[in-house]
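These are the residues of each chain, in order.
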Amino acid sequence: TPASPLSCAAGEVVVRQDAPCRCVYVLVEGRADASGLQPGGPSHTYSEFGPLTLFGEYEALCGANCFLAEVRARTACRFWVLAREDYFSWFFSGRDTTLSRVREVVRSLWEQARRERGYLSLDSDSRLLSFLVSWYEANAGGGTACIPMTRPAIGDETGVCSRTVNRGVRALRERGFLDIQSGKIQLSHPQYLRLRAELERRLADGRAIH
């Protein structure tokens with residue numbers, strides 16, 4: 001199947017939400033974020049994705065003319081870019097290929113719905129804990145790491161206001177769950193383990209639920 005290579009630097013926007021969708025992008029190296037802008041509201045990051053993720057596939061399958069989300073390179077990335085007609089030629093090239101992609105799309109949609117249902121039931125403090133744990137697992141590699149995001153950006157991602165994020169961060173700092181360096185949240189591996197244990201305790205005894 002004809003495909004064109006595309007390289008993107010960290011932080012570069014690969015596709016923009018609402019831009020015409022004529023291609024499917026296959027991430028072959030690096031990590032990328034997908035986020036959505038709600039009318040009159042903030043951007044929300046859905047998740048971080050690794051190699052062999054397809055962007056634009058949902059749009060192709062549902063017949064959308066525009067991208068439903070923005071895709072931004074979190075690290076340096078390499079993609080293969082398929083014209084939509086070439087994607088469908090590959091998709092229908094054999095029963096096994098078609099069944100494999102249908103299963104992957106359904107699995108990812110089910111997993112996304114499951115995460116969203118569980119996440120929406122968390123209180124604001126537990127959403128912050130969940131965000132910190134997930135960010136560390138995706139980015140830190142077992143050492144000490146500084147989260148580069150601002151408090152408003154964390155609020156956008158967790159669905160709570162900046163004031164609530166600031167209050168939660170302050171409380172966690174006072175308890176030694178995190179440090180602040182140059183205004184940014186810093187997490188060590190022992191602190192990550194404590195955060196994860198605290199979140200697990202909250203979920204186990206129901207304190208994390210509204």
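Residues numbered from 1 in each chain as written. Predicted model: local features only at pLDDT ≥ 70, side-chain atom pairs only at ≥ 80, totals over all residues. Heavy atoms only, no water.

(A) Region of the structure containing the packing of aromatic side chains. Applying the stated criterion across every chain yields a total of 10 aromatic pairs. Plain terms: the ring middles of Tyr25 and Phe79 are 6.2 Å apart, the flat faces sit at 90° to each other, and that makes the pair edge-to-face. With a gap of 54 residues between them, Tyr25 in strand E3 (residues 23-29) and Phe79 in strand E8 (residues 77-83) connect regions that are remote in the sequence. With relative accessibility at 13%, the residue Tyr25 sits in the buried group. (Phe/Tyr/Trp six-rings, centres within 6.5 Å; stacked < 30°, edge-to-face > 60°. Helix = DSSP H or I, 4+ residues; strand = E, 2+ residues; numbered from the N terminus. Buried < 20%, exposed > 50% of the residue type's maximum accessible area, 1.4 Å probe, protein only.)

(B) Just the sheet that holds strand E10 (residues 179-181), in detail. The strand order E9-E11-E10 describes an open sheet built from three strands, whose pairing is antiparallel. One side of each edge strand has no neighbouring strand; the edge strands of this open sheet are strand E9 (145-147) and E10. Ignoring strand direction, the axes of neighbouring strands in this sheet form an average angle of 40°. Of the strand pairs in this sheet, E9 and strand E11 (residues 184-187) are connected by three bridges, and their pairing is antiparallel. Pairing of Ala145 across the sheet is with Leu187, part of E11. (Pairing = 2+ DSSP bridges. Axes fitted to C-alpha atoms, helices over the stretch in contact; angles between N-to-C directions.)

(C) Structural context of the environment of Gln112. Inspection of the secondary structure assignment puts Gln112 in helix H3 (residues 95-120). Overall, the relative accessible area of 29% leaves Gln112 in the partly exposed class. Between the alpha carbons of Gln112 and Ser47 there is a distance of 9.2 Å; along the sequence they are 65 residues apart.

(D) How the structure looks around the pattern of salt bridges. Following the criterion strictly, the structure yields 11 salt bridges and no others. Of the charged contacts, one joins Arg201 and Glu198 as a salt bridge, the two residues approaching to 3.0 Å between their closest N and O atoms. In this pair, Arg201 and Glu198 are both assigned in helix H7 (residues 189-205), three residues apart and thus about one turn of the helix distant. A residue is classified by how much of its surface remains accessible, and Arg201, at 45% relative accessible area, is partly exposed. You can call Glu198 buried: its relative accessible area is 5%. (Salt bridge = Lys/Arg side-chain N within 4 Å of Asp/Glu carboxyl O.)

(E) Inspection of helix H2 (residues 84-91) at higher detail. The complete set of buried residues in H2 reads Arg84, Tyr87 and Phe91. Looking down the long axis of H2, one finds its buried residues gathered within 55° of arc, a one-sided arrangement. (Arc of directions from axis to C-beta.)

(F) A look at helix H6 (residues 162-174). With 13 residues, H6 ought to run about 18 Å at 1.5 Å a step, and its terminal C-alpha atoms sit 18 Å apart, in line with that. Buried within H6 we find Thr164, Val165, Gly168, Val169 and Leu172. Buried residues in H6, looked at end-on, bunch into an arc of 130°, giving them a common side. For H6, exposure combined with an orientation more than 90 degrees from the buried face picks out Arg163 and Glu174. One or two residues past the end of H6 sits Gly176, with phi positive at roughly 80°. (Expected span 1.5 Å × (residues − 1).)

(G) Local environment of the confidence of the model for the protein chain. Confidence in the prediction of the protein chain, expressed as mean pLDDT, is 87, and 88% of residues score 70 or more. Of the regions scoring below 50 in pLDDT, residues 39-43 engages in seven contacts with residues more than four places distant in sequence or in other chains. (pLDDT = per-residue confidence, 0-100. Contact = heavy atoms within 4.5 Å.)

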